[in-house]
Amino acid sequence: MMIMPLVLFIHLIAIGIWAGCVATEIVCEIGQKNMAYKQSYIAKLHWEIDKYVEIPAILVCTITGVIMLQNVIWSPILITKVAAGVLAVLFNSIAAYTVYMRYHYFTKDNESGYIKYHKLHERIGIVCVLAIVVALVAGGFRIVGS
Ligand code: HEM
């Protein structure tokens, strides 16, 4: 008895891993907020989480989302969900770039470059989390039925 199409199952697991990474990174970023940049482990740790877990999960979420777009019945809530999902992918890609550049400047011992991308990451991170939450809530409504 198939309860859920495999692609949707993989889509939801990938989103769970992605959201889990974001939540863990928020805890680490807040925990390291007042550390001098040379003592902080956040630049290296956040980039490694992005590189090995978060970006692959976002790729799987996007590929499975695009596959499922083939046979959807559009509704206002699905349009909201997919639009928020696509925005979340875009904002998180920009956020991952700022994390990569922050780590790049950390390795070059360039504090002004580090601070520039640290601040950019804080700002883009907020809109990214908002887009993920909107997609989760809209998707959740679709699953449990409004
Ligand atoms: C943070 C990002 C995302 C979240 C939280 C999310 C969440 C969900 C959830 C909960 C569902 C199951 C409910 C449903 O069937 O509608 C779902 C289905 C789906 N998602 Fe996503 N999604 C995200 C990103 C994407 C992206 C980027 C795309 C497209 C490129 C996409 C396309 C779809 C499609 C087509 C379905 C199946 C809709 C259906 O036939 O019912 N999603 N998503």
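Read on for an overview of the structure. These figures come from a predicted structure and were not determined experimentally.

1. Considerations on the nonpolar core
Counting 12 residues, the largest nonpolar core is built from A14, I15, W18, V22, A57, I58, C61, A88, V89, C128, A131 and I132. Residue assignment for this core shows that the elements contributing at least two residues are α1 (6-31), α2 (42-68), α3 (76-107) and α4 (111-144). Element by element, the count of residues in this core is highest for α1, at four residues. Excluding anything up to four places from it in sequence, A57 contacts A14, I17 and W18.

2. With respect to the packing of aromatic side chains
What characterises a pair of aromatic rings is the spacing of the ring centres plus the angle enclosed by the ring planes. In total, this model carries seven aromatic pairs according to the counting rule given. Ring centres of Y97 and Y117 lie 6.2 Å apart, and the angle between their planes is 85 degrees; this geometry places the pair in the edge-to-face category. Taken together, the positions of Y97 in helix α3 and Y117 in helix α4 put the pair 20 residues apart, joining distant regions of the chain. An aromatic cluster is built from Y37, Y103, F106 and Y114, whose rings are joined through pairwise contacts.

Quick notes on the rules
Residues numbered from 1 in each chain as written. Predicted model: local features only at pLDDT ≥ 70, side-chain atom pairs only at ≥ 80, totals over all residues. Heavy atoms only, no water. Core = buried A, V, L, I, M, F, W, Y, C linked by side-chain atoms within 4.5 Å. Buried < 20%, exposed > 50% of the residue type's maximum accessible area, 1.4 Å probe, protein only. Helix = DSSP H or I, 4+ residues; strand = E, 2+ residues; numbered from the N terminus. Contact = heavy atoms within 4.5 Å. Phe/Tyr/Trp six-rings, centres within 6.5 Å; stacked < 30°, edge-to-face > 60°.

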